[in-house]
Amino acid sequence: RFFVEPRTAAPGATVTLVLHNGTAHQVGYNLCGSGLEQLQSGTWRNIPRGGVCTRELRIVAPGQQARYPTRLPSSLAAGTYRFRTGVETPLNRGTPGLDTIYSEAFTVSSRR
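Residues numbered from 1 in each chain as written. Predicted model: local features only at pLDDT ≥ 70, side-chain atom pairs only at ≥ 80, totals over all residues. Heavy atoms only, no water.

*Asks:* I would appreciate a short explanation of the layout of surface pockets in the present structure.
*Replies:* Using a probe with the size of a water molecule, rolled over the atoms, empty space left in the structure can be pinpointed. The calculated volume of the second largest pocket comes to roughly 230 Å³. Forming the boundary of the second largest pocket are 18 residues, of which Cys 32, Ser 34, Arg 49, Gly 50 and Gly 51 lie nearest the centre. Those elements giving two or more residues to the lining of the second largest pocket turn out to be strand E5 (35-40), strand E6 (43-47) and strand E8 (65-71). Here the lining of the second largest pocket gets three residues from one element, more than from any other, and that element is E8. (1 Å grid on protein atoms, 1.4 Å probe; cavity = no way out; pocket = protein on both sides within 12 Å on 5 of 7 lines; lining within 4 Å. Points joined across faces, edges and corners; volume = space filled by probe spheres on them. Helix = DSSP H or I, 4+ residues; strand = E, 2+ residues; numbered from the N terminus.)

Structure, rendered in structure tokens:
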């Protein structure tokens, strides 16, 4: 499960990306490189965020979760958003990012 806390945030706010491993095996990840998307007219559109990340692969054990705080761009318009990230599982080991997963949608609002 991949989700964002809180479920509603203001532009420029810090949110936490949470990756919960509900599988029976380890999952590789790097939440720093997660992309942001906005739902526009029924289509998810990439929102550039900038920033620099290391390419290290971290591991989340079965039944555990990883948390990564990140700041939303202050220029975001109100709307529905999600993050996307790549994960490495035993089925795609050695090819990080082969499996792309998407967070549950969250809301950006100028009111909190």
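*Asks:* Looking at this model, I keep getting lost on the sheet that holds E8. Mind explaining?
*Replies:* The pairing of strands in a sheet happens through backbone hydrogen bonds and is either parallel or antiparallel. In space, the three strands of this open sheet follow the order E1-E3-E8, with antiparallel pairing throughout. Each having just a single partner strand, strand E1 (2-5) and E8 make up the two edges of the open sheet. This sheet shows a mean twist of 25° between the axes of neighbouring strands, independent of strand direction. With seven bridges joining them, strand E3 (residues 14-20) and E8 adopt antiparallel strand pairing. For Thr 14, the partnering residue across the bridge sits in E8 and is Arg 71. (Pairing = 2+ DSSP bridges. Axes fitted to C-alpha atoms, helices over the stretch in contact; angles between N-to-C directions.)

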